[in-house]
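# Working through the structure, step by step
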Amino acid sequence: MARNNLTGRPSDARSRLLSTACRIFYEEGIHSVGVDRIVTEAQVTRATFYRHFPSKEDLVLAYLDESHRAEREQAEAALAAELSAADALRRLSRSIAQRIQVPGFRGCAFLNAVAEYPDPGHPVHLAVLAHRQWFLDTVAQLLAKVREAPAEAAAHHFVMMRDGATAAGCLFDPSVVCETFLRGVDVLLRAHVTAPFSESDRVSTAGQ
């Protein structure tokens, strides 16, 4: 990564390229946007672009990394608050709902990206899967603290609700979508707390 020699921060040109790409990729899609468009709007030369990003794919991966960083900070803020695990999950859910209601919301950046890169071996596809695994693990850890019981199924349920909300949030009334999502989270938490805990579950948990 090219950095400013005096401050150690990423160069202004790189920052402009990445912020421009983040905006356009999210608003218009990845494949529809060429390097020339990004270079022009970021007000840099093609040589500067390739000095910071050897290929467009490298820029796409940087865009996803920025998106991941933003969502990770959001999750960490919920986890850092002095809340119970259930309330931390509710806070995370509310932050997701708030993002859905921001003007210009266009769905999940990662689901949008993976739709354009369906090859399971492509670096962009793999980056999306890595992000989703991180999010699933984060939710599962919270649910495991809500109740000392296997939480993987409930975590998958939460992620599917989140995916549905982000997909619907740019198609229907986002306030209705978010109200439905948050109600679903409360139902999921109650079900997770009261679900039967079989002997086979106890054995599985003890072996982890």
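Residues numbered from 1 in each chain as written. Predicted model: local features only at pLDDT ≥ 70, side-chain atom pairs only at ≥ 80, totals over all residues. Heavy atoms only, no water.

## Looking at the packing of aromatic side chains
For the coordinates displayed, the defined rule picks out six aromatic pairs. A centroid spacing of 5.0 Å and a plane angle of 85° characterise the contact between Phe49 and Tyr50, whose relative ring orientation is edge-to-face. With relative accessibility at 0%, the residue Phe49 sits in the buried group. Members of the aromatic cluster, joined through ring pairs, are Trp134, Phe135, Phe158 and Phe181. (Phe/Tyr/Trp six-rings, centres within 6.5 Å; stacked < 30°, edge-to-face > 60°. Buried < 20%, exposed > 50% of the residue type's maximum accessible area, 1.4 Å probe, protein only.)

## Side note on the layout of surface pockets
Of the pockets and cavities examined, the largest pocket occupies roughly 460 Å³. As for the largest pocket, its lining consists of 20 residues, and the residues nearest its centre are Tyr26, Ser67, Ala70, Arg99 and Ala109. Taken together, the elements giving at least two residues each to the lining of the largest pocket come down to helix H1 (12-28), helix H4 (56-80) and helix H8 (152-168). Tallied by class, the residues present in the lining of the largest pocket amount to nine nonpolar, five polar and six charged. (1 Å grid on protein atoms, 1.4 Å probe; cavity = no way out; pocket = protein on both sides within 12 Å on 5 of 7 lines; lining within 4 Å. Points joined across faces, edges and corners; volume = space filled by probe spheres on them. Helix = DSSP H or I, 4+ residues; strand = E, 2+ residues; numbered from the N terminus. Nonpolar A, V, L, I, M, F, W, Y, C, P; charged D, E, K, R; others polar.)

## Digging into the pattern of salt bridges
For the structure on display, the rule yields 14 salt bridges. Residue Arg69 pairs with Glu66 through a salt bridge whose shortest N-O separation is 3.1 Å. On the criterion of helical spacing, the pair formed by Arg69 and Glu66 is a turn pair, its members being three residues apart in helix H4. On the basis of relative accessible area, Arg69 is assigned to the partly exposed category, the value being 38%. Ionic pairing is found between Arg183 and Glu179, a salt bridge with its closest N-O pair at 3.1 Å. Taken together, the residues span about one helical turn, with Arg183 and Glu179 both in helix H9 (residues 174-194) at a distance of four residues. Its relative accessible area of 47% is what places Glu179 among the partly exposed residues. Within this structure, Glu71, Arg99, Arg132, Arg162 and Asp163 form a network of salt bridges that share partners. (Salt bridge = Lys/Arg side-chain N within 4 Å of Asp/Glu carboxyl O.)

## Section: H1
With 17 residues, H1 extends 24 Å from end C-alpha to end C-alpha; this agrees with the ideal 24 Å at 1.5 Å per step. Tucked into the core, H1 has its buried residues touching helix H2 (35-42), helix H3 (46-52) and H4. Positioned one or two residues after H1, Gly29 has a phi angle of 100°, which is positive. (Expected span 1.5 Å × (residues − 1). Contact = heavy atoms within 4.5 Å.)

## Description of unusual backbone geometry
Notably, Gln43 is not glycine yet its phi reads approximately 60°, a positive angle. Residue placement: Gln43 occurs in the loop between H2 and H3. Take Gln43: its relative accessible area is 66%, and that puts it in the exposed class.

## Digging into the packing of H1 against H2
Following both chains from N to C, one finds H1 and H2 inclined at 125°, their axes separated by 9 Å at the closest point. It follows from the interaxial angle that H1 and H2 lie oblique. Classified by chirality, the crossing of H2 by H1 is right-handed. Along the contact surface, H1 presents Arg16, Leu17, Thr20, Ala21, Arg23, Ile24, Phe25 and Glu28, while H2 presents Arg37, Ile38, Glu41 and Ala42. Split into classes, the residues belonging to the contact of H1 with H2 amount to six nonpolar, one polar and five charged. (Axes fitted to C-alpha atoms, helices over the stretch in contact; angles between N-to-C directions. Parallel < 35°, antiparallel > 145°, perpendicular 65-115°, else oblique. Left-handed = near helix turned anticlockwise from the far one by under 90°.)

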